[in-house]
Every structure is written in structure tokens, then in C-alpha cells.
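Structural overview
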Amino acid sequence: MINSVLELEKEFDRRITELDPVDIGAWLGYPASGFAAYSEPQQLMEALARQQIRQALVSHKIGELMDARAGNEALERALPHMPGCGGVMTLLPPGTGEMDDTAGCVDSLLDKGFRAARIAPKLHRYSMKIPAVPEMLSTLEQRGVPLLIPIGQTSWDEIAPTASAFPRLAVVVEGTGHHEYLNIRSCLTWLTVVTNLLVVTQGLFLCGELELLAGEIGEHRILFSSNQPMDDPAAGLSLLAFSELPPAARRRIARENALHLIASAGKGGYFA
Amino acid sequence: MIRPFIIDVHGHIGPAKGFRARHFSTDDIVRLMDATWVEVMIFVSMSLLSQQYGLGYSETLRALDRHPRRLRAYTVFDPAWPDVSMRLLRQYQDHPGIVGIKIHPSVHGAPPEDTRYAEMWDYADSRKLPVLTHTWAPDPANPSQNYATPDRFDQILEAHPGARLILGHCGGRMEGHRLAAEMLKKHPNCWADISGDTHSLGLLEWLAREAGVGKILYGTDVNWIEPRYHLGKVLKAGLPPEDKLRILRTNALDVFGDKLISTESGV
């Protein structure tokens, strides 16, 4: 029986090698809680290598849990030590005196290797309905910079109408199973209507949700994200490795969509 | 070709009111088990958790009849209907495919020390039955989860040494994991399963260090929760293969005994 475990481990590794995944959800810094953290770039790079992940988009916990500007600065310092990785900038809405020049900030960070933006409205205490949000999203849309937002920081009823006003902006909703727990009825109906909403593999908790979404909205709107080190990357990789989707669809979700997302940032965007 | 060998101690069959279940027929479930190398899954009918006892037990027996080598089941004790659920539990508990009792203090809105559970605890104790309970961390946003924190089972475990308690979801979130580990360390008749939506990096290794690998059972919460997340977590955990096999299979055999594996399965 022990051979079954060993053979299954080998099969898992073989399938990951074939997928050659790109992770759009890796994090530096200490999470609010957990058993693991990548406090230094080298730790993240070593972990990615163990997982057979050669490329990633990296966010910083400082930007989410403490200060957006400090998080961007920390990531700016780390990126030169992380070959194959792009940065995810954390934005605040303009008009508060903190990050008023959204366009200038985005352009500057694009030049420094950032390839996506994220916002955290609930943690940073604003809603998607404040007047500054359209200005921020319009800036990203004009530059083709994708926006990442965890569903726990908003709701389907909030993010979907907001995203629909910026149809060329790729809005990547993370952790769809978290917070709006197993809320496939809201998730699926909004995703069907608002086609610039993308989802990630992290948090697709509903049994069979990956295959369901691939069938309903298309695999071109799903991207691999580990959410490590909060989540175990082996969990998300396992979902893909053992998915019932055809190999071409799995590879698209694991790798090709992310490569396109990264390559098109600042150059017209995902839907250009 | 790798034959299914894993034992999943925490599954469900049937539709649920809160979401569209993609896999809810027993044939769907068994197909998914094949795809994830699960030889035996122990399930509870969603109907039984939703007070639909007649429908639930008929679903349960039909599923066991249809897949006698692959499926095992739990009865359900529901404190909202203590007499009815206890009578049915006694009626069906000796069925060869029924191997334990499920309780869900959060969904059923009553903590496990509530006196309405007393007869069930005594029954499980005297029959040395496994009892699978939902557990979770204290959650101010969802107070019903406070009915199922692992520490609530401390005195129950002490008073019922014959019962074999499985802390479903291992406490659910970080504070719940800590409370679960305390129970696992303290009580020889307590185990935890890794089912649910928590996939924290390092959790398995931490739990093995804190409580011992012999206390960890493989569970998924299928057909609510996607089971392929759980498989990778165990396969890539920083544990020796022998420990992974214990989690994936042999610990469950220790808890549930002979009724779990059919001799016809050839295992």
C-alpha cells in the first residue's frame, strides 16, 4: 500500500511538470495568522522552485495589512531578487491625500516591474461606491493593468456592476469560495453577465466548481493562483493536476492565461 | 495503474439548499472517488441533516445498496428532534454499511453538552461508536459556530471513553485548530479530520507535531467541498510516506474497524 502513496506522489509531480504553472497569487510578508510566511524574497523563490513554479505575480502583505505605499516600496525592493516574478501594486482611492496621482503611481510601478494592481476596500475602509473608485479603475483600464480583488473585500453584487462599467479592464476576483461561502448562484449569474470578470483557482471550494465554471464561462477566464503562504500551494496545484478538464484547458488555466495577463499589462490589457 | 486506496471519513450525498451541487448522485460521487483514488467514503445524507428523516434514510440505504464496497454511512442525531432521531438511529445503526453517528451542533443550533444529546453520547459510549461532529473556531460573525468549538467536547470525551469522537474540519480556522490539537493531545478517544475549506500551508505538519500523526484522518466534505484540494495537501506535506498512508487510510481503519472494508474488495 505504501507504493500507492509513492506512485501517486510521482503522478502528481509529473502532471505539474506538464502544466508548468504560473502563479498569480504569491505573497511576501507575514499574513495576519498562519503556519508559514515568506518574509524574504529568497524564501519565496525557494518555495516556488520546490513547487515547480518558475513565474509568479507577487503581492506584499504590508500593502494589504498595513500601508499600501509601504507595501509597494517593499515589493519594489524585492523584485530585483525575484527573477520570473512581477509585482502586484496595492492602490488606494485618490482624493485622500495619500495616493492622489493614480496614473503617476501606476506608470511608475509599471516601469519597475509591477504587472497588476490590487485593492482591499474592506480592510482599507472604503466601498466600491465612493466617487474615487471609477477614476482609479478608469486609469487601470486605460493602461491595460489588471485589477485583483478578493471577494471578501467586496461582494458579487458590488464588484460585478462596478466592473461592467469598465469592460476592457480585467477584474480578477480572488477566493470566490471565501466569505460569500459557496455562493455559486450569485457568482455564476454575475460571471455570465459581466464578461470582464475573471476568477482564480484559489477558493473554488464548491465541489466540481472548476469544471462548472470552465464549462459556463470558459477556461480563458480562470487563472491559477495559490494564495501562498496562507494556503498550501499543493492544494491548488492538485485541483488542476487532477481536474477532469482536457489537458489543453488545464494548461490554459495553469499557465497560458497568466502569461497573457502579465504580457498584456501596460500594453492594451487582457482583452485587447 | 494506482488502485483507489484512500478512505474519506467525511462526505455527503444529495442536494443542498444553499448551492448548486454539481456531484450529488451516488454515481457522481463514486466517479469522483475513482478520480481521486478514494476506495471508501463515509457519507451523511444531506436530507438527514435537514430534518428530512424518511427521505434521508431511504437515500442512505439506496446508496449503500448500490455501492456496497465503496460507500459507508453515518446516522444523524438531531437535538431538535431527539426522540425521533434517536429512535431511527437505533433502528439503522446495525446495518452493515452504517459505521457511525454524525452530529452538527452549528446547523442544529445546540451545543454538544446540551442535555438532549445525553442519550446519544451514552449510546455511542456503550457501543464504542465513532461520532463525527462538525467543529469550527469561535466566530463572532457566525455565532452558531460557537456551538461547535472543539473545547466543548472536553468533558464529553472524559465522561464517554468508549465513544470515538472525530472533530470534523479540525476546528475549521486557526483558533479552532489550536483547540482541536488540545483535545487530540488530551483524549485517546479523539481524532480530527482535515475536511473542509481550510488549506493552510503547514497545518498538517503542525498538527502531526502537536497531536501525533495517528490522530489525523483524511476527509474532504465532498459533495460540498472540492476534494482535490485535500489530496495534494497530503501528498506534498512534509511528512514521510508512511505517515501519509496513515492519514490517507490506516488511521481510519483503526477508528472504524472491520465494517469499513468489504472482504470482497480484495484489499
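Residues numbered from 1 in each chain as written. Chains lettered and ligands numbered in written order. Predicted model: local features only at pLDDT ≥ 70, side-chain atom pairs only at ≥ 80, totals over all residues. Heavy atoms only, no water.

A tally of helices and strands in chain A yields 11 helices and eight strands. Scaling as 2.2 N^0.38, a compact globule of 272 residues should have a C-alpha radius of gyration of about 19 Å, and chain A matches this with 18 Å. Expressed as lengths along the three principal axes of its C-alpha atoms, the size of chain A is roughly 65 × 40 × 35 Å. Counting across all 272 residues of chain A, residues that qualify as buried make up 64%. (Helix = DSSP H or I, 4+ residues; strand = E, 2+ residues; numbered from the N terminus. Rg over C-alpha atoms; globule rule 2.2 N^0.38 Å. Buried < 20%, exposed > 50% of the residue type's maximum accessible area, 1.4 Å probe, protein only.)

In this section: the overall build of chain B. A count of helical and extended segments in chain B gives 11 helices and eight strands. For 267 residues, the compact-globule estimate of 2.2 N^0.38 gives 18 Å, and the C-alpha radius of gyration of chain B, at 17 Å, lies within 12% of that figure. Its C-alpha atoms give chain B principal-axis dimensions of about 50 × 40 × 35 Å. Counting only contacts in chain B whose residues sit at least 6 apart along the sequence, the fraction spanning at least 24 positions is 75%. Of the roughly 9,800 Å² that chain B leaves accessible, carbon and sulfur atoms contribute 52%. In chain B, 31 side chains carry a positive charge and 32 a negative one; their mean positions are 4 Å apart. (Contact = heavy atoms within 4.5 Å. Areas by Shrake-Rupley, 256 points an atom, 1.4 Å probe, with all protein chains shown as cover. Lys, Arg positive; Asp, Glu negative; His and termini not counted. Charge placed at Lys NZ, Arg CZ, Asp CG, Glu CD.)

Residue and element names in this part refer to chain B. Reading across from one edge, S1-S2-S3-S4-S5-S6-S7-S8 is the order of the eight strands in this open sheet, with parallel pairing throughout. Looking at strand neighbours, the two that pair on one side only are strand S1 (6-13) and strand S8 (216-217), the edges of this open sheet. Judged from the three bridges that link them, strand S2 (residues 38-45) and strand S3 (residues 71-76) form a sheet pairing that is parallel. Within S3, the position partnered with Phe43 by the bridge is Ala73. Contacting strand S4 (98-103), strand S5 (130-134) and strand S6 (164-168), helix H6 (residues 118-127) crosses the sheet at an angle of about 150 degrees to S4. (Pairing = 2+ DSSP bridges. Axes fitted to C-alpha atoms, helices over the stretch in contact; angles between N-to-C directions.)

Attention now moves to the interface of chain A and chain B. The interface of chain A with chain B comprises 47 residues on the first partner and 43 residues on the second. Surface buried jointly by chain A and chain B totals about 4,100 Å² across both partners, of which 66% is contributed by carbon and sulfur atoms. In terms of surface lost to chain B, no three residues of chain A exceed A:Leu8, A:Phe35 and A:Cys207, which account for 19% of the buried area on that side. Linking chain A with chain B are four salt bridges, by the criterion used here. Residues B:Arg31 and A:Glu244 are paired through a salt bridge, measuring 3.0 Å at the closest nitrogen-oxygen approach. Among the elements of the structure, helix H1 (2-19), helix H8 (184-193), helix H9 (209-217) and helix H10 (233-241) of chain A are those that each provide at least two residues to the side of chain A that touches chain B. The biggest single contributor to the side of chain A that touches chain B is H1(A), with 10 residues. Along the lines of polarity and charge, the residues of the side of chain A that touches chain B split into 25 nonpolar, 11 polar and 11 charged. (Buried area = accessible area lost by both parts, 1.4 Å probe. Salt bridge = Lys/Arg side-chain N within 4 Å of Asp/Glu carboxyl O. Nonpolar A, V, L, I, M, F, W, Y, C, P; charged D, E, K, R; others polar.)

This paragraph deals with a nonpolar patch on the surface. Residues and elements named next belong to chain A. Together, Leu65, Met66 and Leu123 line one region of the surface with nonpolar side chains, adding up to about 300 Å² of accessible area. By secondary structure assignment, the location of Leu65 is in helix H3 (residues 61-65). According to the relative accessible area criterion, Leu65 is partly exposed, its value standing at 40%. (Patch = residues over 30% accessible without salt bridge, like charges linked within 9 Å, V, L, I, M, F, W, Y side chains within 5 Å.)

We now examine the side chain of B:His104. All names here are of chain B. Mapped onto the secondary structure, His104 falls in the loop between S4 and helix H5 (105-108). Judged by its relative accessible area of 12%, His104 falls in the buried class. For His104, the side chain forms a polar contact with the side chain of His134, separated by 3.4 Å. Other than its neighbours up to four places away in sequence, His104 contacts Leu49 and His134. (Polar contact = N/O pair within 3.5 Å; in protein donor to acceptor, adjacent residues only side chain to side chain.)

In this section: the confidence of the model for chain B. Mean pLDDT over chain B works out to 94, with 98% of the residues at or above the 70 mark. Both confidence scores are given for the complex: pTM 0.95, ipTM 0.92. (pLDDT = per-residue confidence, 0-100.)

Moving on: the environment of A:Leu169. Its location among the elements puts A:Leu169 in the loop between helix H7 (156-164) and strand S6 (171-174). Setting aside its immediate chain neighbours within four residues, A:Leu169 contacts A:Leu137, A:Leu140, A:Glu141, A:Val145, A:Pro146, A:Leu147, A:Asn196 and A:Phe271.

Here we come to the side chain of A:Asn196. Within the secondary structure layout, A:Asn196 lies in the loop between H8 and strand S7 (197-200). If near-sequence neighbours (up to four positions away) are discounted, A:Asn196 is found in contact with A:Ala163, A:Ser164, A:Phe166, A:Pro167, A:Leu169, A:Ala170, A:Val171 and A:Phe271.

Okay, the nonpolar core next. Within the largest apolar cluster, 170 residues are counted, with the highest numbers of intra-cluster contacts made by A:Met82, A:Leu91, A:Leu197, B:Ile101 and B:Met120. Filtering out sequence-adjacent residues up to four positions away, A:Leu197 remains in contact with A:Trp156, A:Ile159, A:Ala160, A:Ala163, A:Val171, A:Val173, A:Trp190, A:Leu191 and A:Arg221. (Core = buried A, V, L, I, M, F, W, Y, C linked by side-chain atoms within 4.5 Å.)

Hydrogen bonding along the main chain pairs the strands of a sheet, whether they run parallel or antiparallel. All names here are of chain A. Strand order in the open sheet formed by eight strands is S1-S2-S3-S4-S5-S6-S7-S8, with parallel pairing between adjacent strands. Of all the strands in the sheet, the pair left with one neighbour each is strand S1 (22-28) and strand S8 (222-223). Strand direction decides the pairing type here: S6 and S7, joined by three bridges, are parallel. When the sheet's bridge partners are listed, Val172 is paired in S7 with Leu198. Contacting S1, strand S2 (55-60) and strand S3 (85-90), helix H2 (residues 41-50) runs over the sheet at an angle of about 150 degrees to S1. With respect to the sheet, H7 is in contact with strand S5 (147-150), S6 and S7, its orientation differing from that of S7 by roughly 135 degrees.

It is worth spelling out the layout of surface pockets at this point. Considered as a void within the structure, the second largest pocket measures approximately 370 Å³ in volume. A:Arg50, A:Gln51, A:Pro233, B:Leu201 and B:Lys236 are, among the 20 residues lining the second largest pocket, the residues nearest its centre. Mapped by element, the contributors of at least two residues to the lining of the second largest pocket are H1, H2 and H10 of chain A. In terms of residues, the lining of the second largest pocket owes the most to one element, H2(A), which gives four residues. (1 Å grid on protein atoms, 1.4 Å probe; cavity = no way out; pocket = protein on both sides within 12 Å on 5 of 7 lines; lining within 4 Å. Points joined across faces, edges and corners; volume = space filled by probe spheres on them.)

Looking now at the packing of aromatic side chains. What describes a pair of aromatic rings is the distance from one ring centre to the other and the angle between the planes of the rings. Applying the stated criterion across every chain yields a total of nine aromatic pairs over all chains. Each ring, one from B:Tyr57 and one from B:Tyr92, has its centre 4.4 Å from the other, and the planes form 15 degrees; the classification is stacked. Taken as a pair, B:Tyr57 in helix H3 (residues 53-66) and B:Tyr92 in helix H4 (residues 82-92) lie far apart in primary sequence, 35 residues in all. Residue B:Tyr57 is classed as buried on the basis of its relative accessible area, which comes to 3%. Plain terms: the ring middles of B:Tyr74 and B:Phe256 are 6.2 Å apart, the flat faces sit at 65 degrees to each other, and that makes the pair edge-to-face. Here B:Tyr74 is found in strand S3, whereas its partner B:Phe256 is found in helix H11 (residues 241-256), with 182 residues between them in sequence. Each member of the pair, B:Tyr74 as well as B:Phe256, carries the same accessibility label: buried. Three or more aromatic residues link up through ring pairs in this structure, and these residues are A:Phe12, A:Phe242 and B:Trp37. The cationic tip of A:Lys61 hangs over the ring face of A:Trp27; the distance from NZ or CZ to the ring centre is 4.1 Å. Positioned above the aromatic ring of B:Trp191 is the side chain of B:Lys215, whose terminal nitrogen or guanidinium carbon lies 5.9 Å from the ring centre. (Phe/Tyr/Trp six-rings, centres within 6.5 Å; stacked < 30°, edge-to-face > 60°. Lys NZ or Arg CZ within 6 Å of the ring centre and 35° of its normal.)

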